[in-house]
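# Descriptive structure summary
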Amino acid sequence: NTTPANTGSPSINGQPIPNGAGFCNLVVAFTDLTLPVCQNSYKIVRTWTVISWCTSVVMRQIQVIAVMDKQAPVLTCPPILTVSTTSSVTCSANVQLPAAGITDNCSSTFTTTMNTPVGLISGNGGLINNVGLGTHIITYNVSDNCGNAATCTTTLTVRDGSAPTVVCDQYT
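Worth saying up front: this structure is predicted, and the values here are computed from it rather than measured.

What follows deals with empty space enclosed by the protein. Taken as a whole and judged by the stated rule, the model has one cavity of 30 Å³ or more. One number sums up the size of the largest cavity: a volume of about 40 Å³. Surrounding the largest cavity, Pro78, Pro79, Leu81, Leu97, Pro98, Ile138, Tyr140, Thr154, Thr155 and Leu156 form its lining. Mapped onto the lining of the largest cavity, the elements with two or more residues apiece are strand S13 (134–144) and strand S14 (149–159). When residues of the lining of the largest cavity are assigned to their parent elements, the largest contribution, three residues, is made by S14. When its residues are assigned to classes, the lining of the largest cavity shows eight nonpolar, two polar and no charged.

See the structure below:
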């Protein structure tokens, strides 16, 4: 709420200036210029004007009011994922990583990257190729339109789930 009751207004010795009464017929007015900063965040440049009708003195003062998204997105990381190798030659897997759940109080546009065993990947989920055997940490990094950032991690385990193939000599 950016009304003067919440953001303040000109006063004399801490007392509000009544329009047209007392204090030699002072009049107080303001104009606002709203400037967008990022999604659902903005700054108001409020210009206060105080006029004394007794002395014809005009005073102006600028007040800057910021209405900003300062909360990071809330992430819900995918559950632990275990996959089997997809290549018997390289003992690696091609894995479709699920997307992290993202909610935010103000923004609907996000930048998402994932730190994976095969490097930094842009996006929220997606296919990564040639992931080697073992347990790997996947870190989801998300920032909203106003630069607030959050991370979450999940675990990816790649195991060899293929039974061995028996090769026998027919004659020995």
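Here the narrative resumes, following the displayed structure.
Moving on: the nonpolar core. Ranked by size, the top nonpolar core spans 16 residues in total, and within it Val95, Leu97, Tyr140 and Leu156 carry the most contacts. If sequence neighbours within four positions are ignored, Val95 has contacts with Leu81, Val83, Gly126, Leu127, Ile128, Val131 and Leu156.

Across a sheet, strands are paired by hydrogen bonds formed along the backbone, either parallel or antiparallel in direction. On the basis of which strands lie adjacent, the open sheet formed by five strands has the order S7-S14-S13-S10-S11 and mixed pairing. The two strands at the open ends of the sheet, each matched to only one other strand, are strand S7 (81–84) and strand S11 (119–122). The average undirected angle you get between the axes of adjacent strands in this sheet is 25 degrees. Here strand S10 (residues 110–116) runs beside S11; their pairing, made up of four bridges, is antiparallel. Paired with Asn115 across the two strands is Leu120, which belongs to S11.

Looking now at the pattern of salt bridges. A complete count under the given rule lists one salt bridge for this structure. Asp32 serves as the salt-bridge partner of Arg46, at 2.7 Å between the closest nitrogen and oxygen. Of this pair, Arg46 sits in strand S4 (residues 41–52) while Asp32 sits in strand S3 (residues 26–38), and the two are 14 residues apart along the sequence. Judged by relative accessible area, which is 2%, Arg46 ranks as buried. Take Asp32: its relative accessible area is 37%, and that puts it in the partly exposed class.

What counts and how
- Residues numbered from 1 in each chain as written.
- Predicted model: local features only at pLDDT ≥ 70, side-chain atom pairs only at ≥ 80, totals over all residues.
- Heavy atoms only, no water.
- 1 Å grid on protein atoms, 1.4 Å probe; cavity = no way out; pocket = protein on both sides within 12 Å on 5 of 7 lines; lining within 4 Å.
- Points joined across faces, edges and corners; volume = space filled by probe spheres on them.
- Helix = DSSP H or I, 4+ residues; strand = E, 2+ residues; numbered from the N terminus.
- Nonpolar A, V, L, I, M, F, W, Y, C, P; charged D, E, K, R; others polar.
- Core = buried A, V, L, I, M, F, W, Y, C linked by side-chain atoms within 4.5 Å.
- Buried < 20%, exposed > 50% of the residue type's maximum accessible area, 1.4 Å probe, protein only.
- Contact = heavy atoms within 4.5 Å.
- Pairing = 2+ DSSP bridges.
- Axes fitted to C-alpha atoms, helices over the stretch in contact; angles between N-to-C directions.
- Salt bridge = Lys/Arg side-chain N within 4 Å of Asp/Glu carboxyl O.

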